[in-house]
Amino acid sequence: MEKRSWAEPYKIKMVELIKMTTKEERQAAIIEAGYNTFLLKSEDVYIDLLTDSGVGAMSDRQWAGIMMGDEAYAGSRNFYHLRDAVESHYSYRFTVPTHQGRGAENILSQLLIKEGDYLPGNMYFTTTRLHQELAGGTFVDIIIDEAHDPNSTHPFKGNVDFIKLDNLVNEVGADKIPYVCIATCVNMAGGQPISLASLRELRKWCDKHGILIVHDMTRVAENAYFIQQREEGYRSKTVKEIVSEICELTDAATMSSKKDAMVNIGGFLAMNDARLYEQACELVVVYEGLHTYGGMAGRDMEALAIGITESVQDDHMQARVGQIEYLWDRLESAGVPLVKPCGGHAVFLDARAMLPHLPQNQFPAQALAAALYVESGIRAMERGVVSAGRDKNTGQNRLPKLELVRLTIPRRVYTQAHMDVTAESVIRVMKHADEVKGLRFTYEPRMLRFFQGRFEECLAGTE
Ligand SMILES: *Cc1c(COP(=O)(O)O)cnc(C)c1O
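Residues numbered from 1 in each chain as written. Predicted model: local features only at pLDDT ≥ 70, side-chain atom pairs only at ≥ 80, totals over all residues. Heavy atoms only, no water.

Draft legend 1. Broad picture of the overall build of the chain. Per the secondary structure count, the chain includes 17 helices and 14 strands. Taken over the C-alpha atoms alone, the chain extends approximately 60 × 55 × 50 Å along its principal axes. Within the span of the chain, comprising 463 residues, buried residues form 59% of the whole. Partitioning the contacts of the chain with sequence separation of at least 6, the portion at a separation of at least 24 is 71%. Separation of charge centres in the chain, based on 51 positive and 63 negative side chains, amounts to 1 Å. (Helix = DSSP H or I, 4+ residues; strand = E, 2+ residues; numbered from the N terminus. Buried < 20%, exposed > 50% of the residue type's maximum accessible area, 1.4 Å probe, protein only. Contact = heavy atoms within 4.5 Å. Lys, Arg positive; Asp, Glu negative; His and termini not counted. Charge placed at Lys NZ, Arg CZ, Asp CG, Glu CD.)

Pasting the structure below:
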């Protein structure tokens, strides 16, 4: 079939100027940042692909919503708009706003997890797992094996492996499993979707065992788009319809609205159970704020309510994922090792394949992200052994099969020309990959070490 070009379903009304730097300046900046792209100053970055979190471009309607903020301490009208948007798009009856996704994870983990519980999930997420552990639980990976193989082209790498789930129940008993955590468009697997078939089977399995499903719905719209494109029988359904169908199969949800919903800050906890809602309202006042603002300004709740509506439009999703596929195709055709198939929010470079001379204990993905910055001023993020952290029992580095650099594409921010520059820069780094040196920690934080850890280059011949 003839390939038709697509274009963004919006035009640009305002621009933000960005700065070019010299290679010498970037070399100095990365050393000062301890080879951690999280510690670079944003001013020193040319194209910022660190994350898609809180960096989307809001629409003129969202900005108009900002001006409609009702900053009352209690009962702001914007809260009711948000609650209605959540119920009508995501189907959950009750909404508790939080300052961002991890605020919701904290409350939910404290409410549902007891010391000694197990939390199966379709791959871990950094903050999610930490809150599960802080509440006394242990995360168990129940994603299909294909998700851990960057070369597998399985269309739904976010699917659940029911043998792994059955084994867990047999080992620990259903009463030690308060819920299964399901991420839509699994971030750590490369932005890979779960199918509705897998989710429906999970619903049955959970009903049989009396276990809840908690939905990490940060990127549910992207997952819905992949279902529309890839799953049998969904071609004529809208993204909005598929989003509802996903949410209806789950019991409660945590949301970082800084992703799908294109606001700079915010999140929420949502659920259908009135008792759980009551308990969440009690806890949210301790950690976030009153249950009608939970750490968010009224104006931000309004922008979020509007962003939810925009995030489930078919033309929006087509352009969103289309841009990532464009970058993915350019890199793939140049022979850059990537996580396959293309994900929903980012292109993931396989750092082990790109830097085969570096052992995993020299943090190849961390080193590759630093090298890409020095080459071009593009900021990416490590998603490998540094992000995985240490095992809570043995204290050893967890060695994930996926040692990745994530080029995360903010929503509605960069142009196709920026994608071209990015592809060319990655290809240049790949050509000189053997010059990239391994790293070692000079400072290692105890928790979520990837955010603030500092590194230096290993000397030749040392560990
Ligand atoms: C970002 C993210 C979170 C945490 O949300 P924050 O808003 O950053 O606190 C949780 N789960 C997933 C999958 C995420 O991508």
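Next, the rest of the story.
Draft legend 2. Here's a closer look at the nonpolar core. With 57 residues, the main nonpolar core has Tyr90 and Leu202 as its most contacted residues. When residues no more than four places from it in sequence are discounted, the contact partners of Tyr90 are Ala85, Met217, Val220, Val243, Cys247, Met255, Phe268, Ile308 and Ser311. Of all hydrophobic cores here, the second largest spans 50 residues; its members include Tyr35, Leu355, Ala369 and Ile378. (Core = buried A, V, L, I, M, F, W, Y, C linked by side-chain atoms within 4.5 Å.)

Draft legend 3. Molecular detail of the domain arrangement of the chain. Examined at the domain level, the chain breaks down into domain 1 (23–52 + 314–457) and domain 2 (60–311). Tallying the contact residues gives 33 residues for domain 1 and 45 residues for domain 2. Roughly 3000 Å² is buried in total at the junction of domain 1 and domain 2, and carbon and sulfur atoms are behind 55% of that figure. The salt bridge involving Arg411 is made with Asp260; its shortest N-O contact spans 4.0 Å. On inspection of domain 1 and its partner domain 2, the count reaches 21 residue pairs in polar contact (both at pLDDT 80 or more). Listing elements by their share of the side of domain 1 that touches domain 2, those giving two or more residues are α12 (314–333), β9 (346–350), α15 (385–388), β12 (404–408) and α17 (449–452). Per element, the largest residue contribution to the side of domain 1 that touches domain 2 is seven residues, and it comes from α12. (Domains from an automatic or database assignment. Buried area = accessible area lost by both parts, 1.4 Å probe. Salt bridge = Lys/Arg side-chain N within 4 Å of Asp/Glu carboxyl O. Polar contact = N/O pair within 3.5 Å; in protein donor to acceptor, adjacent residues only side chain to side chain.)

Draft legend 4. Summary view of the sheet that holds β9. Strand order in the open sheet formed by three strands is β9-β12-β11, and the pairing between neighbours is antiparallel. Edge positions in the sheet fall to β9 and β11 (381–383), since each of these pairs with one other strand and no more. Strand-to-strand twist in this sheet, taken as the mean axis angle between neighbours without regard to direction, amounts to 35 degrees. Those strands touched by α12 are β9 and β12, and its axis lies near 25 degrees from that of β9. (Pairing = 2+ DSSP bridges. Axes fitted to C-alpha atoms, helices over the stretch in contact; angles between N-to-C directions.)

Draft legend 5. Broad picture of the side chain of Arg129. Relative to the helices and strands, Arg129 resides in helix α5 (residues 126–134). Despite being buried, Arg129 has no salt bridge partner; Glu133 is the closest side chain of opposite charge, sitting 4.1 Å away. Once you skip the residues sitting within four places of it in the chain, Arg129 turns out to touch Tyr124, Phe139, Ala388 and Arg398.

Draft legend 6. Spotlight on the packing of aromatic side chains. All chains considered together, the criterion is met by 12 aromatic pairs. Ring centres of Phe38 and Phe451 lie 5.0 Å apart, and the angle between their planes is 80 degrees; this geometry places the pair in the edge-to-face category. Linking Phe38 in the loop between α1 (23–32) and β1 (47–48) with Phe451 in helix α17, this pair joins segments that are 413 residues apart in sequence. The exposure class of Phe451 is partly exposed, given its relative accessible area of 24%. With a centroid separation of 5.1 Å and 70 degrees between ring planes, the pair formed by Tyr73 and Tyr293 is classed as edge-to-face. Here the residue Tyr73 occupies a position in the loop between α2 (60–66) and α3 (77–90), and Tyr293 occupies one in the loop between α10 (274–287) and α11 (298–311), the gap between them amounting to 220 residues. For Tyr293, a relative accessible area of 19% translates into the label buried. Counting every residue linked through ring pairs, the aromatic cluster contains Phe38, Phe450 and Phe451. Over the ring of Phe450 we find Arg383, and its NZ or CZ is 4.8 Å from the ring centre. (Phe/Tyr/Trp six-rings, centres within 6.5 Å; stacked < 30°, edge-to-face > 60°. Lys NZ or Arg CZ within 6 Å of the ring centre and 35° of its normal.)

Draft legend 7. Fine view of the pattern of salt bridges. Going through the model one piece at a time under the given rule, you end up with 28 salt bridges. Two residues, Asp251 and Arg203, come together in a salt bridge whose shortest N-O distance is 3.1 Å. One end of the pair, Asp251, is in the loop between α9 (239–248) and β7 (252–256); the other, Arg203, is in helix α7 (residues 196–209), with 48 residues separating them in the sequence. For Arg203, a relative accessible area of 14% gives the class buried. When the shortest N-O distance is used, the salt bridge between Glu444 and Arg390 registers 2.7 Å. Separated by 54 residues along the polypeptide, Glu444 in the loop between β13 (439–443) and α17 and Arg390 in the loop between α15 and β12 bring together distant segments of the chain. Exposure remark for Arg390: the relative accessible area of 37% places this residue in the partly exposed category. Taken together, the salt bridges that share partners define one network made up of Asp52, Arg219, Glu222, Asp260, Arg320 and Arg411.

Draft legend 8. Structural view of the packing of helix α6 (residues 162–172) against α7. Put simply, α6 and α7 touch, their axes get as near as 12 Å, and they point 15 degrees apart. Relative to α7, the element α6 lies roughly parallel. When the axes of α6 and α7 are compared, the crossing they make is right-handed. Residues Phe162, Leu165, Asp166 and Val169 of α6 lie in contact with α7, whose contacting residues are Ser198, Glu201, Leu202, Trp205 and His209. A per-class count over the contact of α6 with α7 returns five nonpolar, two polar and two charged. (Parallel < 35°, antiparallel > 145°, perpendicular 65-115°, else oblique. Left-handed = near helix turned anticlockwise from the far one by under 90°. Nonpolar A, V, L, I, M, F, W, Y, C, P; charged D, E, K, R; others polar.)

Draft legend 9. Summary view of the pairing of strand β8 (residues 267–271). The buried fraction of β8 amounts to five of the five residues, a majority that puts the element mostly inside the structure. On β8, burial covers both faces: Gly267, Leu269 and Met271 on one face and Phe268 and Ala270 on the other are all buried. Pairing between strand β2 (residues 94–98) and β8: five bridges, direction antiparallel. Bridge pairing in β8 places Thr98 opposite Gly267. Of the strand pairs in this sheet, β7 and β8 are connected by five bridges, and their pairing is antiparallel. Within β8, the residue paired with Ser256 across the bridge is Gly267.

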